[in-house]
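The primary structure of each chain is shown beneath.
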Amino acid sequence: MLDRLYAIRYGKGFKYGGPDFAFMYYLAKVRDKWVLIDTGFSSADIAMDMGITMIPIRNEIMEIVMPEQISDILITHSHWDHIDDIDKYKKARIYLSQKTFDKAVSENCESTRKCLHDTKANNRVCIIGSGMKLLDTFTYEEVGGHAEDSGVFFFRHGENKYCIIGDECFSIDYFINNVAIDNAYDVEKNVRFTNQYNDAGVIPLPSHDGSVLLRYRQVSENIVQIV
């Protein structure tokens, strides 16, 4: 049962996306658990190279939850801006696909690789696949459109069905208008996903569309509450 869901913006601007491009992840309260969907990143070197302005959001987040209270992390895919702060949550259980795990431990930064190896050794890595329901709330689906390992998480709240879509679509408008992303690993899979769930009336929650912060109830400058 999902009690609350927040979108958190931790960066903005991108040399390939312009000044309004946002970097976000999601925070959920599921009964007595605090759950992150993706973790973001905090490398100053990457931010500078990619033209990203990092936002100091620690105090805003701590008004809601302390980092050590995060018990579970769901990962959409292995790209650095979705997983490379995972080492900040050393006690959390991590849910990710086998493809995402394999790519992250071979391609991501040293701290991410070490965290995943250590977490697996401590039996806190949960390998997930399409159709699996997690924490009695989120249903995972592997898509493989944006990236070879990219996936999404569905959940229901009231009469609405939502999807935390990672990077399968960068903007809500593109999702609504069935516009494929321009850097898809597999365009056909990306288009099929977007068409299917847009037609089904699913509400998209992307990782890089700053308009999310204008569509939902503002909690602080960089955090909104969706449910």
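First, a word on scope: everything that follows refers to the structure included in this document.

What counts as what
- Residues numbered from 1 in each chain as written.
- Predicted model: local features only at pLDDT ≥ 70, side-chain atom pairs only at ≥ 80, totals over all residues.
- Heavy atoms only, no water.
- Helix = DSSP H or I, 4+ residues; strand = E, 2+ residues; numbered from the N terminus.
- Buried < 20%, exposed > 50% of the residue type's maximum accessible area, 1.4 Å probe, protein only.
- Salt bridge = Lys/Arg side-chain N within 4 Å of Asp/Glu carboxyl O.
- Polar contact = N/O pair within 3.5 Å; in protein donor to acceptor, adjacent residues only side chain to side chain.
- Contact = heavy atoms within 4.5 Å.
- Phe/Tyr/Trp six-rings, centres within 6.5 Å; stacked < 30°, edge-to-face > 60°.
- Lys NZ or Arg CZ within 6 Å of the ring centre and 35° of its normal.
- Pairing = 2+ DSSP bridges.

Some words on the environment of Asp20
Within the secondary structure, Asp20 is located in strand S2 (residues 18-30). For Asp20, a relative accessible area of 68% gives the class exposed. Sequence-wise, Asp20 and Asp209 are 189 residues apart; in three dimensions their C-alpha atoms are separated by 8.0 Å.

Examining the pattern of salt bridges
Once their charged atoms are close, side chains differing in charge can pair, the charge on each being opposite to the other. For the coordinates displayed, the defined rule picks out seven salt bridges. We note a salt bridge from Asp136 to Arg31, for which the minimum N-O separation is 3.9 Å. Taken together, the residues Asp136 in the loop between strand S8 (133-134) and strand S9 (138-142) and Arg31 in the loop between S2 and strand S3 (33-37) connect sequence positions 105 residues apart. In this structure Arg31 comes out as partly exposed when scored by relative accessible area, which is 37%.

Comments concerning the side chain of Gln225
Structurally, Gln225 is set in strand S14 (residues 223-225). One polar contact links Gln225 to Arg217, side chain to side chain, over a distance of 2.4 Å. Within the local environment of Gln225, its side chain forms a polar contact with the backbone oxygen of Val227, the two atoms lying 3.0 Å apart. Sequence-distant contacts of Gln225, that is, excluding residues within four places in its chain, are made with Arg4, Leu5, Tyr6, Tyr216, Arg217 and Val219.

So, the packing of aromatic side chains
By the definition in use, this model includes 17 aromatic pairs. Above the plane of the ring of Phe154 lies Lys161, whose end atom (NZ or CZ) is 4.7 Å from the centre.

What about the pairing of strand S6 (residues 93-97)?
Of all five residues in S6, four are buried, a share of seventy percent or more. Strand direction decides the pairing type here: strand S5 (residues 70-74) and S6, joined by three bridges, are parallel. Its bridge partner lying in S6, Ile73 is registered against Ile94. Here S6 pairs with strand S7 (residues 125-128) via four bridges, running parallel. Its bridge partner lying in S7, Ser97 is registered against Ile128.

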